Amino acid sequence: MEDTQLISTQRLVFAVNGERFELSEVDPSTTLLQFLRSHTRFKSVKLGCGEGGCGACNVLLSKFNPKLKQVEDYTISSCLTLLCSINACSITSTEGLGNIKDGFHPIHERFAGFHASQCGFCTPGMCMSLFSALVNSEKTHRPEPALGFSKLTVSEAEKSISGNLCRCTGYRPIADVCKSFAADVDMEDLGLNSFRKNDTKLHKLPFYDSKQITTYPEFLKNEYESTTVLNNRNKSWYSPRSIEELTSLVEYNSADNGVMVKLVAGNTGAGYYKETDQYDTYIDLRFIPELSTIKKAGSHIEVGATVSISKLILALNEEINDDTVFKKIASHLEKIGSESIRNVASIGGNLVMAQRKNFPSDIATVLLAVKSKVTILTGVKKEILTLEEFLEKPALDSRTVLLSVFVPYPKPTKNGYSEKANAKVIFQTYRASSRPLGNALAYLNAAFLAETSVCDRGVRINSVRLAFGSFGVKHAISASTVENYLVGKMLSVDVIYEAVKLIRFAVSPESGTSHSAYRSSLAVGFLFDFLWPIVEADGCVRTSTCNSYGITSRMAFDRSETTTLLSSAKQVIESSSEHYPVGEAIVKSGSAIQASGEAIFVDDIPSPLNCLHGAFIYSTKPLARVKRIKLNSKKDVHSVVTFQDIPKGGDNIGSKTLFGPEPLFADELTQCAGQRIAFAVANTQKIADVLADTAMVDYDMEDLEPPILTVEQAVEKSSFFEIPSFLYPSHVGDFSKGMAESEHQIHSAEIQLPSQYYFYMETQTALAVPDEDNCMVVYSSIQVPEYAQSVIARCLNVPEHNVRVITRRVGGGFGGKALKAMPVATACALAAYRLRRPVRTYTNRKTDMIMAGGRHPMKIKYTIGFKSNGKITALHLDILINAGMSPDISPVLPWNMLCALKKYNFGALSFDFKVCKTNHSSKSAMRAPGEVQASFIAEAVIEHIASYLSLDAGLVREMNFHSYDSLRLFYGVGAGEPLEYTLPTIWDKLMKSSNFDYRVETVNTFNKNNLWRKKGISRIPILHEVSLRPTPGKVSILRDGSVVVEVGGIELGQGLWTKVKQMTAYCLSAVQCDGTDTLLDKVRVIQADTLSMVQGGFTAGSTTSEASCEAVRLCCSVLVERLVSLKEKLKEQSGSVDWDLLIMQANMYSINLSASSFFVPEFTSMRYINYGAAVSEVEVNLLTGETKILQTDIVYDCGQSLNPAVDLGQIEGAFVQGIGFFMLEEYLTNSDGMVVVDGTWTYKIPTIDTIPKQLNVQILNSGHHKKRVLSSKASGEPPLLLAASVHCATRAAIKEARKQLCSWKRLDGSDPMFQLDVPATMPVVKTLCGLDNVEFYLQSLLSSS
Ligand SMILES: Cc1cc2nc3c(=O)[nH]c(=O)nc-3n(C[C@H](O)[C@H](O)[C@H](O)COP(=O)(O)OP(=O)(O)OC[C@H]3O[C@@H](n4cnc5c(N)ncnc54)[C@H](O)[C@@H]3O)c2cc1C
Ligand code: FES
Ligand code: FES
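Everything numeric in this text was worked out from a predicted model, so none of it was measured. (Residues numbered from 1 in each chain as written. Chains lettered and ligands numbered in written order. Predicted model: local features only at pLDDT ≥ 70, side-chain atom pairs only at ≥ 80, totals over all residues. Heavy atoms only, no water.)

(A) A look at the side chain of Q1191. Here Q1191 shows up in strand β44 (residues 1187–1197). The class of Q1191 is buried, set by a relative accessible area of 13%. Here D1193 takes part through its side chain, which lies 2.9 Å from a polar atom of the side chain of Q1191. Discounting residues that sit within four places of it in the chain, Q1191 has contacts with R999, V1175, S1176, E1177, P1252, Q1254 and N1256. (Helix = DSSP H or I, 4+ residues; strand = E, 2+ residues; numbered from the N terminus. Buried < 20%, exposed > 50% of the residue type's maximum accessible area, 1.4 Å probe, protein only. Polar contact = N/O pair within 3.5 Å; in protein donor to acceptor, adjacent residues only side chain to side chain. Contact = heavy atoms within 4.5 Å.)

(B) Highlighting the pattern of salt bridges. Inspection of the entire model under this criterion finds 55 salt bridges. Residue E943 pairs with R1291 through a salt bridge whose shortest N-O separation is 3.4 Å. Taken together, the positions of E943 in helix α26 (residues 931–949) and R1291 in helix α37 (residues 1284–1304) put the pair 348 residues apart, joining distant regions of the chain. The closest approach of N and O atoms between K1034 and E1046, which form a salt bridge, is 3.7 Å. Taken together, the positions of K1034 in strand β38 (residues 1031–1037) and E1046 in strand β39 (residues 1043–1047) put the pair twelve residues apart, joining distant regions of the chain. Assessed through its relative accessible area of 22%, K1034 is described here as partly exposed. Each of R37, K46, D603, D604 and R840 takes part in salt bridges that share partners, so that together they form one network. (Salt bridge = Lys/Arg side-chain N within 4 Å of Asp/Glu carboxyl O.)

(C) Looking closely at the nonpolar core. In terms of nonpolar packing, the biggest core is built from 265 residues, with F468 and L486 touching the most fellow members. Take this core: its biggest share by element is twelve residues, from helix α17 (residues 516–537). Once residues within four sequence positions are removed from consideration, L486 is found in contact with I461, V464, L466, L491, V495, A499 and L531. Listed in part, the 73 residues of the second largest apolar core include L33, W237, V366 and I376. (Core = buried A, V, L, I, M, F, W, Y, C linked by side-chain atoms within 4.5 Å.)

(D) Broad picture of the UniProt feature "binding site: FAD" (unreviewed entry) in the protein. The positions UniProt marks with the feature "binding site: FAD" (unreviewed entry) are S346, I347, G348, G349, N350, D362, L402 and R431. Judged by maximum C-alpha separation, these annotated positions cover 86 residues in sequence and are scattered in space, the widest gap reaching 25.8 Å. For G349, the location among the structural elements is in helix α12 (residues 347–357). With respect to the element layout, D362 can be found in helix α13 (residues 362–369). Residue class for D362 comes out buried when judged on its relative accessible area of 4%. (UniProt positions renumbered as here; feature names shortened; annotations may be inferred.)

Right under this line is the structure:
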């Protein structure tokens, strides 16, 4: 041990963006992200999840290899990387690529120019993922690309961001940025961008020079040899260089000596097991040669335990001896986590996690299949174990080190049957997960190795190994019963049938595992997929009696197919120069600084002196008295703030709406699991988070009524929120009469719709700074600063003018930063008020997910009357909305729902809404709140009728389209003028542009020819009524002619500032002097400040941008009026006058150059309907339930778009968020109503590999809307509703699958009545396609033989 101390170097040296950092004291648990964000000026690394799942924190790590004299560069997740592990490394963040002063990097410029950054929170991480791919492509030996391009291929370029999440854009424009650097890109394939002027050829992209950035500074090269040993008081970090050194370190620092030791390699395990344990000693294993090398021999490959997954993939792909097994293992490993994880995640770390903590590993499964072995070291004792023995051992203690993994090269053995010359090794791996490219744990993974030989009787299985993992058992297993059954058998249909029956039992998840039956059915599918081609390759399919069926099965896993991403996209927009620069697709304001990481979000504001940090402690019980809150460690806590800290006269209020408030903290009783009960305040966010996470709350539930956790219970107890009569929508027509006119009726059909989480990339955050005279300045990431101001004032019992809430930008809101951001700001303000110090919080993802509430779940019953041709005569709905514990905006939901539900002419429409008060977190507005559910309900009704009558759903839709008259009947004045009803035009346009009829035929043909994949196609319309709200604005012209604008609306990424800038420039140019053509560059929209601009209201409901534009237009017309006579006078004097001179003179003449306005929409024109339609085509895999979205075509009417690039971004982004709701995102709760999906591991938003492979969007510039703001219409929410087309297409594909299943079961026809749940996840789809479809297929073959 002493030796180790002697060679120690008590310092850590590294570089960040070329700057040298040298530290002698580091807490070894500090992550790189924590260091960068709190100790440097580099704030571009964003905390999106803290678990390696989002890519927002990605940076490039560069390391010098002195032996090879080469620099290695790769992305890492800075949220998981321990600072001590980067000794002698260089870190490049997006600030290091370029900035506003020295010039942006072409990556930044292209993100801006391709409109690929909306809120901008994901953008720095995206830039770094792409940059890393570019840097590494230069190291390949590919031919030199054309000047300005890289050596990347298009497909690599797109894949480079597959581990990054973006909740705003829908990925298409980001993919375009990436592709624009690729050597093989067809420039004409690139989407809408600002580099293509006037629709001419794209000739000039910001120039890319691969040599522009040096990732590894010279000065670091001398640092390499030093060994890091850092002692920070009683915490140490060691980087031993030999096994002996390691052994002595482990012995010395053992638990027996009372030392908590952590062995570390990549530390990515911390992303899954968010340990709160405090370790005394960290031992970095990566510098021990035996652990970090790969040794290859003819018969095997031996991999050191700390070798990263990426390095192993490279090594396996280089293996020329073997073109199947190792390459297939490599290909499987490529689906583990994301690139930034694989680059540091070690093989050993993964296996130890699997062994010690039952981690659902892919590596254990694939290595088990090829009969790998491991070497472990305990003390000085080395042991070689088979992987099975290793996995089955009791959990390794902290002294045992995994040294290496031995992977044999599978080849035909020289015994048994395989002595025959034709013996063959067949290997295949499988994984079913919600994301095809990985970054999602598998429901089941598997790897099968078989040795077969062919004889005249067919194919014989000589040996076989069937490994399965990740299905809810302790570790990967090999299915020995099935292996034993298969060995020695001649393959035939009946043998396969027996084998799949056996595998269902062998792969049986432990009780309590989610989707148990689905996982077992996957095993059946995988095995079938493995064995069937073997017999097929034999030329015929046999039963044991060797009958040939002579048919091909057309498998679900097409081996020749590589996972393609977004292969193409088309955008059709019509810009209009009538109101220049309004109508132009100009680049989003601030997008370049978002890309370079210079844009400041709330948590980027440097902490004021003495700043404290808070974290919420929330209830885990839905209805209980809180007796006591016990904190794990008293020494680190500064304070625990509860409702008792609210000053005298102040209210316990956290948020409010017209319908009532929600308490800031639970007082006597908790009202839901996830309710805030206290705010733990500490010196750092990390400590506050640990304190809150480990706090123990004692509850008392004696004599309490049981909580209300379902809408049915709410009905039983009449627990409702009142819907004010002015918000209760009116029925249409006479329901009884409509029913009497019907020829068919469906009664009380039921649909359930679930919740959805916002997943804004920036979680809830605020900073409160006490000011003089009892004032408080609060920086909040909020959509409604005005309301926060009022709530804070009420809580602190101060007048509202004492509270200033400032919001510059919001890292994604989607409704979740409206009501739900208020308590976060208020808790900080209360703590700051109490403690007389600044207090901030950045809510961690888990807490955010638990407290957020999200979209309203609901239960719907409907009764329909209709004619034989599909015409609906009456519809009645009973809708129970789960509103949660407080009213929030829930009483508005019925109104909202009707705005979208009335999309069809239902004849007569009646309904009964109940807004149920339950013991769940209060549900809140989420993008298209109520409308998306209602639009879906209307489609479900249509599909139900179509199935009932065996009619095409499209025909039933058209049968029930509104005429203008019926539209007027259903929507009243909202219907506008007849010309404004553009849906019929859109519908026809879309049919043509999507080639709909032809594609329906090809889908039918495909379905006839494929057994295990079925396609579906669907075209749906949407109607979505929106309302304008009063909004303030203020425009001020400064002495130099520059213009500063304030509006009520908040920039959430939706491009509000950009549209407002355009409108300001357009309206001020009405003064008609020289120089107004450059006004756009002179306008700056500034942050919202509740003391500067009052009555800011809500930024919600899709119309804030246009309302803000209108407010600005009012201000500008006042200013123009004030300036025009001066301009005329000056013009008379000197013939011409330019803007700057005019403003200078206006100042001399003391003209008031600031104007405020408050736009109040006229009652008759404040409501209007948005129209759009989409066609989606999907392909469903019948063995796994995976749905691929092959193509989506959208036509959407933006009136006369204020900015088509911004609107396009809204349309695509909303649509993809809708895909999340309909297909992927499960926001699950436990029986107490507590959210149980609490991070990126369990909550899967769309990624680049789950969006449509082809996405075509046309913005219709219908322009008839004279009562709208410059004829524009909304785009923020309505397009989300179009994603129901994917769901409907999936239903169509499933219908085909069920028809086929019926024929296998020898039942007549299909069973058309089935409900496809939302979201239609893989288990849901597979269940409907038949969990036992393989068995039925085989049975049908056997019985027909
Ligand atoms: C976002 C994300 C997604 C992922 N997805 C997948 C997936 O789809 N499939 C899959 O299989 N895996 C997945 N993983 C797991 C990943 O493969 C492991 O986290 C990684 O391999 C662990 O290696 P590491 O070097 O980071 O280990 P560390 O985090 O450093 O260590 C993990 C644990 O093992 C111990 N340890 C490490 N090395 C040794 C050793 N040589 N001897 C003894 N103990 C040791 C450590 O003390 C620690 O307890 C994912 C991880 C992340 C973060
Ligand atoms: S914050 Fe690091 S990956 Fe999400
Ligand atoms: S722009 Fe990607 S998350 Fe907002």
